[in-house]
Amino acid sequence: MSAAGARIAELLSGAVASGLRDPSGSDLVFEERIALSPLGRGSAPMDVWAVDGGQALIADARCLQVYAARAARVRWTGGSSVLEDEGTLQAFLFGLGEERRSLSALGAPVSPDSPVDVNLVRDWKEWSMVARCVEEADPGGMVLVDGDLQPDWRIPSSWLASLLARAAEREVLVAGVTKHTSLSWNGAPLLGQLERIADESLGQRQCWWVPVARTRPDVGAGIQVVVARMDPDARFSFRVDLPADCDPAPALSSLSALCDDAAFPGYPYPLSVADRLAACGSHVREEVWNQIEEELDRLGVPLDVRERAFADRHRLMERA
């Protein structure tokens, strides 16, 4: 324990000269120099859409699993929510080759040779919803994505390039906001390092932003990655992904105007609503399973057959 603690202390001090890194293995090209700039608050876009997805394991027979997934969206216009759509909750089977059928039903542009898991299914539902919002947003609007602007690796970059090109054609800005990033700087979490530097150099209530990387040169003009603190009362900063041909300062200034909610200062409020709508908690899991059981009843599948298939024997033994 003491060795682990000592190593964590060493890493958190930023003493490991490893520069900027992304342990997740992305193709980010990092900035050579980190320079923070003050960020002023502008006016919020008149039309803002926010998208987030959720998933849950409903039942597990090991060789066969039942998952549920959905993508929620929120429309924020003139300072208030005018649409809160929790999305269509769908059940998907995984195992025994059923996962391929599940993905095919969604029309995802994924190679037939690619492996399929629930993360891919949820991600595709999210990005499908993003594409729908781009089409429905007013010119000058903004579509916010929970996470970075990199869909699952199995979704071809050409699809993302076409989406961003369509958004630019419609004068709609697509931005990704990541709550928990893996980016690091000299061995320490990047955001924490930047927040400490900003407090010391700019003051503790100053909003700021800093470019840290560019990525995906195969996606049109590419994507730029910045870190921003978007409210004076915010404890944390966030990673924000923007199209590379977007001017980041005015875009972040507009985004900042959505980040003044007292409960989540510094984070776009429409995204926090989408996050709540998309969550698949225990009541959602019970609801989905009850619906599936009703169908099994209708088809005459005996109760003991279901229980023998899906009973969690490990958990039952732990309770004994």
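This text follows the structure it describes.
This report concerns the structure included in the present document. Keep in mind that what you see is a predicted model, and the values were worked out from it rather than measured.

Topic: the overall build of the protein chain
The number of helices and strands found in the protein chain is ten helices and 14 strands. Relative to the compact-globule value of 20 Å for 320 residues, the protein chain shows a C-alpha radius of gyration of 22 Å, a close match. Each of the three principal axes of the protein chain carries a C-alpha extent, and together these read 70 × 55 × 40 Å. Split by element, the accessible area of the protein chain, about 16,100 Å² in all, is 52% carbon and sulfur. Distance between charge centres in the protein chain, computed from 32 positive and 47 negative side chains, equals 3 Å.

Comments concerning the pairing of strand 14 (residues 238-243)
Here strand 14 lies mainly inside the structure; six of its six residues are buried. Alternating residues of strand 14 divide into Phe-238, Val-240 and Leu-242 and Arg-239, Asp-241 and Pro-243, and every residue in both groups is buried. Where strand 13 (residues 223-229) and strand 14 come together, six bridges link them in antiparallel fashion. Residue Gln-224 lies in a different strand from strand 14, and its bridge partner there is Leu-242.

As for the sheet that holds strand 11 (residues 188-189)
The strand order 1-10-11 describes an open sheet built from three strands, whose pairing is antiparallel. A strand with exactly one partner marks an edge of an open sheet, and here the two such strands are strand 1 (20-21) and strand 11. Both strand 1 and strand 10 (residues 184-185) contribute to a ladder of two bridges, which runs antiparallel. What sits directly across from Arg-21, in strand 10, is Ser-184.

Observations regarding the pattern of salt bridges
Scanning all chains against the criterion turns up 24 salt bridges. Two residues, Arg-75 and Asp-47, come together in a salt bridge whose shortest N-O distance is 2.8 Å. Of this pair, Arg-75 sits in strand 5 (residues 65-77) while Asp-47 sits in strand 4 (residues 47-60), and the two are 28 residues apart along the sequence. Under the relative-accessibility criterion, Asp-47 is labelled buried at 3%. Between Arg-205 and Asp-233 there is a salt bridge, with its nearest N and O atoms 2.6 Å apart. Pair noted here: Arg-205 is in the loop between helix 5 (190-202) and strand 12 (208-215) and Asp-233 is in the loop between strand 13 and strand 14, with a separation of 28 residues, a long-range link. Asp-233 matches Arg-205 in its accessibility class, with the two residues each being exposed. One salt-bridge network, in which partners are shared between bridges, spans Arg-73, Asp-85, Arg-132 and Glu-136.

Side note on the pairing of strand 4
Burial within strand 4 is extensive, with eleven of its 14 residues counted as buried. When strand 4 meets strand 5, the two strands line up antiparallel, connected through 13 bridges. Each residue of the ladder has a partner; that of Asp-47, found in strand 5, is Thr-77. Where strand 4 hands over to strand 5, the hairpin turn is made up of four residues, of which Arg-62 adopts a positive phi near 65 degrees. Bridging between strand 4 and strand 8 (residues 142-146) involves four bridges; their strand directions are parallel. Across the sheet, Val-51 pairs through a bridge with Val-145, a residue of strand 8.

Rules and cut-offs
Residues numbered from 1 in each chain as written. Predicted model: local features only at pLDDT ≥ 70, side-chain atom pairs only at ≥ 80, totals over all residues. Heavy atoms only, no water. Helix = DSSP H or I, 4+ residues; strand = E, 2+ residues; numbered from the N terminus. Rg over C-alpha atoms; globule rule 2.2 N^0.38 Å. Areas by Shrake-Rupley, 256 points an atom, 1.4 Å probe, with all protein chains shown as cover. Lys, Arg positive; Asp, Glu negative; His and termini not counted. Charge placed at Lys NZ, Arg CZ, Asp CG, Glu CD. Buried < 20%, exposed > 50% of the residue type's maximum accessible area, 1.4 Å probe, protein only. Pairing = 2+ DSSP bridges. Salt bridge = Lys/Arg side-chain N within 4 Å of Asp/Glu carboxyl O.

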